[in-house]
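# A closer look at the structure
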Amino acid sequence: MHRRGHERDPAHHHRQADDRAESGVSGSDDRSGEGREGLNRPRPTGPDDRSGEGREGLNRAGLPRLPLAGLRILSFEQFGAGPFATMHLADLGAEVVKVEQPATEGEPPGDIARHTGGHALGHDDSQYFQSFNRNKRSLTLDLRKPGAREALHRLVRDADAVLNNLRGDLPVKLGLDHAALAAVKPGIVCVHLSGYGRSGPRAAWPAYDYLAQAEAGFCALTGEPEQLPARAGLSVVDFLSGLTAATALLAGVMGARASGRGCDLDVSLYDVAMHSLTYVATWYLNDGTDLPRRPRGGHPFVVPCEMFPTADGHVFVMCIKPGFWRSFCDIAGVPGLPGDPRFKGFDDRLANRTALMDLLDPVMRGRTSAEWMALLAGRVPVAPVLGLGAALDSPYFRDQGGVLALPHPARPDLKVVASPIRLDGARLAGRAGPAHGADSAAVLAEAGYTPAEIDHLRALGAV
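Model, not experiment: these values are computed from the prediction. (Residues numbered from 1 in each chain as written. Predicted model: local features only at pLDDT ≥ 70, side-chain atom pairs only at ≥ 80, totals over all residues. Heavy atoms only, no water.)

A sheet is described by the order of its strands in space; here six strands give the open sequence β3-β2-β1-β4-β5-β6, paired in parallel fashion. Strands at the two margins of the open sheet, each flanked by one partner only, are β3 (137–140) and β6 (263–268). Each adjacent strand pair in this sheet contributes to an overall mean axis angle of 20 degrees, direction not counted. Alignment of strand β5 (residues 189–194) against β6, held across six bridges, turns out to be parallel. If you follow Cys190 over to β6, its bridge partner there is Asp264. Along the sheet face, helix α1 (residues 81–91) touches β1 (72–76), β2 (95–100), β4 (161–164) and β5 and points at about 155 degrees away from the line of β2. (Pairing = 2+ DSSP bridges. Helix = DSSP H or I, 4+ residues; strand = E, 2+ residues; numbered from the N terminus. Axes fitted to C-alpha atoms, helices over the stretch in contact; angles between N-to-C directions. Contact = heavy atoms within 4.5 Å.)

On to the side chain of Arg349. Following the sequence through the fold, Arg349 ends up in helix α12 (residues 346–351). Here Arg349 occupies a buried position and makes no salt bridge, while the nearest side chain of opposite charge, Asp348, is found at 6.6 Å. A polar contact is formed between the side chain of Arg349 and the backbone oxygen of Lys344, at a distance of 3.0 Å. Discounting chain neighbours no more than four positions away, the residues touching Arg349 are Val303, Pro304, Trp325, Arg342, Phe343, Lys344 and Leu356. (Buried < 20%, exposed > 50% of the residue type's maximum accessible area, 1.4 Å probe, protein only. Lys, Arg positive; Asp, Glu negative; His and termini not counted. Salt bridge = Lys/Arg side-chain N within 4 Å of Asp/Glu carboxyl O. Polar contact = N/O pair within 3.5 Å; in protein donor to acceptor, adjacent residues only side chain to side chain.)

In this description, a pair of aromatic rings is defined by centroid distance and the angle of the planes. This model, assessed by the stated rule, comprises eleven aromatic pairs. Taken together, a centroid distance of 6.4 Å and an interplanar angle of 70 degrees make the contact between Phe84 and Phe132 edge-to-face. Residue Phe84 is found in helix α1, and its partner Phe132 is found in the loop between α2 (127–130) and β3; the two are separated by 48 residues along the sequence. Here Phe84 and Phe132 have matching classes, each one buried. Each ring, one from Phe132 and one from Phe239, has its centre 6.1 Å from the other, and the planes form 35 degrees; the classification is tilted. Here Phe132, found in the loop between α2 and β3, pairs with Phe239, found in helix α8 (residues 236–259); they are 107 residues apart in sequence, far enough to count as distant. The residue whose ring lies beneath Arg154 is Tyr449, and the NZ or CZ to ring-centre distance is 4.0 Å. Over the ring of Phe346 we find Arg349, and its NZ or CZ is 5.1 Å from the ring centre. (Phe/Tyr/Trp six-rings, centres within 6.5 Å; stacked < 30°, edge-to-face > 60°. Lys NZ or Arg CZ within 6 Å of the ring centre and 35° of its normal.)

In this section: unusual backbone geometry. The step from Val303 to Pro304 runs through a cis peptide bond, and the omega angle for that step is -5 degrees. Here Pro304 shows up in the loop between α10 (278–287) and β7 (305–309). Backbone geometry at Phe79 places phi at a positive 55 degrees, although glycine is not the residue there. Counting through the fold element by element, Phe79 comes out in the loop between β1 and α1. A positive phi is found at Asn135, a non-glycine position, where the angle reads about 65 degrees. Counting through the fold element by element, Asn135 comes out in the loop between α2 and β3.

Structure follows, in structure tokens:
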């Protein structure tokens, strides 16, 4: 079996389809998911509820019922993009059963994110893993082993969607596409998040966020002019792809609940990266405009809209509207600049950007970043240019509830960044991501397996 290298190298955390995921994970029979007409019907509430809400109105995380309570997702996921997609859904109440590879001799068990980036949390867990997997359950299942496909089919009967972020050629081999699962449940929605899609000459190619950034032009658009192209500091294509896949999944489930028929939905890193070019792509496609990089991360056409040096760092000022430009000049003590013919209009300032910066830079260096923030905030769009630590220690970020306490058995004081979604004004709560295979027995029992049958699956290496 082909395996890609550098599995533990932090520069390769953005892989979408390690062949190891052929050893997926799943199990459950139909307790209430599909009615006689093939329509999803409400799942019962009570001690045997599969939807995530019990008799006391709490979901499996012990939290109040959330908007996506009752949505059940089987997710064959790893690393960043897939787990990022399902974490957002789990935060909002979906029951996400994370399917992982069982322990195999010579291989680190489960999602490789458990062993990525250092900062270990006991055995087979890490802070990297916890950044993407809160509020989920973990089931181990190797779809290549005897009995595993039957377990998958039992789980599918009680699921709304099956998501994977495998290499594009693997879902059909593993029986994770709608053609394979529709016979089990016609209304099942199958979401495939791959590098280049499930068809075409690149279907079997391994994929990484960094490669998508490079090929889609992100790197060429990023950095200082005349310098080497630069990638974004984070895996932005992974995250955008995860959000796109989550949107596709919800749309598919809504359609299936209305029609009784599921579907395949495909999202690829490459397509998402290209789609994210948005307006710069439109300019090129229609007028052949190949957008140049601007100094200091500047806007392609609006000046000043860039970083300025201060006495102790930088601030980013955005004079997107004429009123902001006039206000900025008044506050900065250069009220005559808007009347200068060189700087009066947008096109004038763009054509004379170098001359304008020569005048403004000494002014901006005359005060600290904090002083400029105090003067400009709320009147001119402005932000301090912060390092990672300063961003996370920002009083504004902390006061807004940006840090979520996520107690972990190996780290009771574990903290992560909270969901950006607020429900009725409150941040979404959470629990730590599951230990490897922590819920296997429970999930299989819910699927109708007896303890003896579960032991048999373990003996076969399927669980």
